[in-house]
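Listed below are the residues making up each chain.
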Amino acid sequence: MPAKDTTPVSLKSLIAELDNEFDVLSGREDLVRWAVTEDNCHWINPTFLKQKTGLMIVGVGKVHAVRTSVFVTDRVVEQLSDQRPSLLLTHHQFNYFEDERGLQPISGEQIQKLAKQGHSLYVSHAPLDTHPIYGSSLALAEEVGVKQTGRFYDYFGAPTAVVGEVGEQTLQDFAEHVRKSLLRPKIDVMQERPHVRTIAVVAGGGDLPDVLQEAYDLGADTMLLGTLENRWGIRGVQIAHQEFLQLNKKLKLNLIGGSHYNTERLAMVKVVRLFEGMGVPCEFCEDEELLRAP
Ligand SMILES: [Fe+2]
């Protein structure tokens, strides 16, 4: 927990540091689309609407701590409801449900709860995925002991995924090791080969045909991804997911799905170090419900 008696830091200087760290002005990604709605637009930072990333909600000018999260869920908002003004650094500018609702815009009600305490909200999506230290696939590969040999899959100007090696073992053994490492109650596995050695690691989603093709071309026998069971009820998402599964009938990689939340939370745990390095108290906000979602 952040100490209770630290000197608050200027939001403005913290944002300048983050904009620099996450290359916010490169303008490669549009985080406004789908996220800004009639219900929440009243509270969105005008600079966010222009830059399409970065500081989405502006709270008070001095913050006592930074909190990190994968999504802005009701449980995360609840954790902040009795805290002094903080900056919440989120990977996704969305609420999330592990069912057909999938990603949903943050509601006006959620924003009002954050605003009541003076909290601010900062989003880093692609720049965090591709970051050379805090990258989401990088953090996932490290956690499960995949020794990186390269990165692949260009994502808004930089490679996001990781390819690497583990000591040769059975798929069952590796999948169980992944399940334990990710604190999952269960792990999704599709077996095509008995053993694993060269692993493609793609945190978050990963269930896209072009990612799979690149993993195959790099010699991977197994792909560790976020979303092997895609429940999000969006037609385009489901079509891409089916194409991904169809392609794998030909390429025959073992597939291991660790869930969107559990594969991305590691980066948001790791990025706490960035703020510790700045001398700013920081903690990760866990969402226990998503962590343990079956
Ligand atoms: Fe994600």
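Residues numbered from 1 in each chain as written. Predicted model: local features only at pLDDT ≥ 70, side-chain atom pairs only at ≥ 80, totals over all residues.

Now for the sheet that holds strand S12 (residues 195-202). Pairing in this open sheet of six strands is mixed, and the strands run S9-S10-S12-S13-S14-S11 from one edge to the other. Strands at the two margins of the open sheet, each flanked by one partner only, are strand S9 (147-155) and strand S11 (188-190). Neighbouring strand axes in the sheet, compared pairwise and without regard to direction, differ in orientation by 25 degrees on average. As paired elements, S11 and strand S14 (residues 254-257) share three bridges and run antiparallel to each other. Residue pairing in the sheet places Asp188 in a bridge with Gly257 of S14. Strand contacts of helix H7 (residues 171-181): strand S10 (158-170), S11, S12, strand S13 (222-225) and S14, with the helix running at about 125 degrees to S10, the strand carrying the most contacts. (Pairing = 2+ DSSP bridges. Helix = DSSP H or I, 4+ residues; strand = E, 2+ residues; numbered from the N terminus. Axes fitted to C-alpha atoms, helices over the stretch in contact; angles between N-to-C directions. Contact = placed C-beta atoms within 7 Å.)

A few words now on the packing of helix H8 (residues 209-217) against helix H9 (residues 235-251). In the contact formed by H8 and H9, the axes pass within 8 Å of each other and the chain directions differ by 25 degrees. Taken as axis vectors, H8 and H9 run roughly parallel relative to one another. The handedness of the crossing between H8 and H9 is right-handed. The segment H8 lies against H9, with Pro209, Leu212, Gln213 and Tyr216 engaging Glu243, Phe244, Leu247, Asn248 and Leu251. Residue composition of the contact of H8 with H9, grouped by class: six nonpolar, two polar and one charged. (Parallel < 35°, antiparallel > 145°, perpendicular 65-115°, else oblique. Left-handed = near helix turned anticlockwise from the far one by under 90°. Nonpolar A, V, L, I, M, F, W, Y, C, P; charged D, E, K, R; others polar.)

The next thing to look at is the domain arrangement of the chain. Under the domain assignment used here, the chain contains domain 1 (9-128 + 271-291) and domain 2 (135-262). With 13 residues of domain 1 at the contact, the number on the domain 2 side is eleven residues. At the level of secondary structure, the elements contributing two or more residues to the side of domain 1 that touches domain 2 comprise helix H5 (126-129) and helix H12 (288-291). Here the side of domain 1 that touches domain 2 is built from residues that sort into five nonpolar, two polar and six charged. (Domains from an automatic or database assignment.)

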